[in-house]
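Working through the structure, step by step
Given next are the chains, with one letter for each unit.
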Amino acid sequence: MRIDLHTHSTASDGTDTPEELVAVAVEAGLDAIALTDHDTTAGWAAAQHAVRRSGRAGRIRLVPGAELSCHCPDGRGNSITVHVLAYLFDPLSQALVEEQARLRARRRSRLHAMARRMAEDGFPVDPEALMAQLPADSPGGRPHLARALINGGTVASVDEAFARYLGSDGSYYLPRTDTPVRRAIEMVTEAGGATVLAHPLATTRGPTVTADVIAELAEYGLAGVEVDHPDHDAPARARLRALAGELDLITTGSSDYHGSNKTIRIGQETTDPESLERLAQRCTGSEIIE
């Protein structure tokens with residue numbers, strides 16, 4: 001079986017609609033995908049409908065999820081941003097609904113502020129038009145601004161936009177106010193879901209946490225770690241796999257697919273079926289859709 005547990009749609013910062021995402025997964029020969037848009041479950045219903053009416057009904061499965069933006073001690077005396085993948089939780093959980101709404105609002109205001117700063121400096125960006133193009137409750141994100149820069153001829157790709165202007169060390173980067181990571185794990189667990197730390201050793205993305213921090217999060221209820229990810233090299237994967245074995249954490253593999261916003265193929269990295277089964281056994285908030 002081929003299972004990809006980390007993908008994004010237009011409900012956050014991907015370029016495929018939820019329906020198109022399911023079609024792409026079917027075309028790629030996947031048996032299951034997780035829809036894990038940033039801080040929203042807005043794409044769940046459309047993706048579920050697409051799975052149920054797919055020509056491969058009963059074979060392609062959908063794991064409803066989300067990717068939560070969190071701040072976390074790095075184990076070296078600093079606080080850094082980490083991402084937590086949440087699976088099969090109750091989408092009506094009041095605590096999660098309220099926190100995701102707060103995060104989406106903060107993401108939108110941050111995006112608008114970054115776009116306004118660039119427009120004031122002469123970049124071909126219209127902040128109001130950019131925001132108007134987003135779905136009403138979409139979180140918005142830096143990839144949307146990167147696409148505007150591409151359309152304006154400033155850069156040739158999303159990667160170039162991040163490298164030159166929008167990355168954490170870029171002159172137009174603005175920080176976010178994220179959820180404390182322990183609170184995120186607690187909310188998802190209380191909502192009947194399970195949490196996996198996304199790309200925890202992806203040094204190309206910025207600072208990472210130590211093994212001791214991952215061990216502390218495991219004690220607090222973290223279910224797993226994303227091991228096989230495009231931003232993890234072989235030594236990072238080996239370290240994570242060994243650590244997961246020591247801590248009895250579930251290991252997952254995922255593409256982190258964003259459509260044309262990245263060059264990564266859906267299904268480029270995959271999860272062992274046993275790992276998905278272990279995740280599902282921990283969850284009571286929602287079900288895998290077939």
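Here, the structure is the one placed above.
What counts and what doesn't
Residues numbered from 1 in each chain as written. Predicted model: local features only at pLDDT ≥ 70, side-chain atom pairs only at ≥ 80, totals over all residues. Heavy atoms only, no water. Phe/Tyr/Trp six-rings, centres within 6.5 Å; stacked < 30°, edge-to-face > 60°. Helix = DSSP H or I, 4+ residues; strand = E, 2+ residues; numbered from the N terminus. Buried < 20%, exposed > 50% of the residue type's maximum accessible area, 1.4 Å probe, protein only. Salt bridge = Lys/Arg side-chain N within 4 Å of Asp/Glu carboxyl O. Pairing = 2+ DSSP bridges. Right-handed = clockwise from strand over helix to strand, strands pointing away.

Quick word on the packing of aromatic side chains
Overall, the coordinates contain four aromatic pairs when judged by the stated rule. Ring plane angle 80° and centroid distance 5.4 Å describe the contact between Phe123 and Tyr172, whose orientation is recorded as edge-to-face. Note that Phe123 is positioned in the loop between helix H3 (94-120) and helix H4 (127-132) and Tyr172 in the loop between helix H6 (158-166) and strand E5 (179-180), a separation of 49 residues in sequence. When its relative accessible area of 16% is taken as the criterion, Phe123 is described as buried. Looking at Tyr172, the relative accessible area reads 9%, which means it is buried.

Concerning the pattern of salt bridges
One pass over the structure, following the stated rule, counts 13 salt bridges. Residues Arg205 and Asp256 are paired through a salt bridge, measuring 2.8 Å at the closest nitrogen-oxygen approach. Of the two residues, Arg205 sits in the loop between strand E6 (194-197) and helix H8 (211-220) while Asp256 sits in the loop between strand E8 (250-253) and helix H10 (273-281), which places them 51 residues apart along the sequence. On the basis of relative accessibility, which here comes to 35%, the residue Arg205 falls in the partly exposed class. As a salt-bridge pair, Arg278 and Asp248 come within 3.3 Å of each other at their nearest N and O atoms. Highlighted residues: Arg278 in helix H10 and Asp248 in the loop between helix H9 (234-247) and E8, separated in sequence by 30 residues. On the basis of relative accessible area, Arg278 is assigned to the partly exposed category, the value being 31%. Taken together, the shared-partner salt bridges connect Arg205, Asp231, Asp256 and Lys262 into one network.

Describing the pairing of E8
Side-chain alternation along E8 places Ile250 and Thr252 on one buried face and Thr251 and Gly253 on a second face that is also buried. As defined by bridge partners, strand E7 (residues 224-228) adjoins E8 across four bridges and the pair is classed as parallel. Within E8, the position partnered with Gly224 by the bridge is Ile250. Viewed along the sheet, the connection from E7 through H9 into E8 turns out right-handed.

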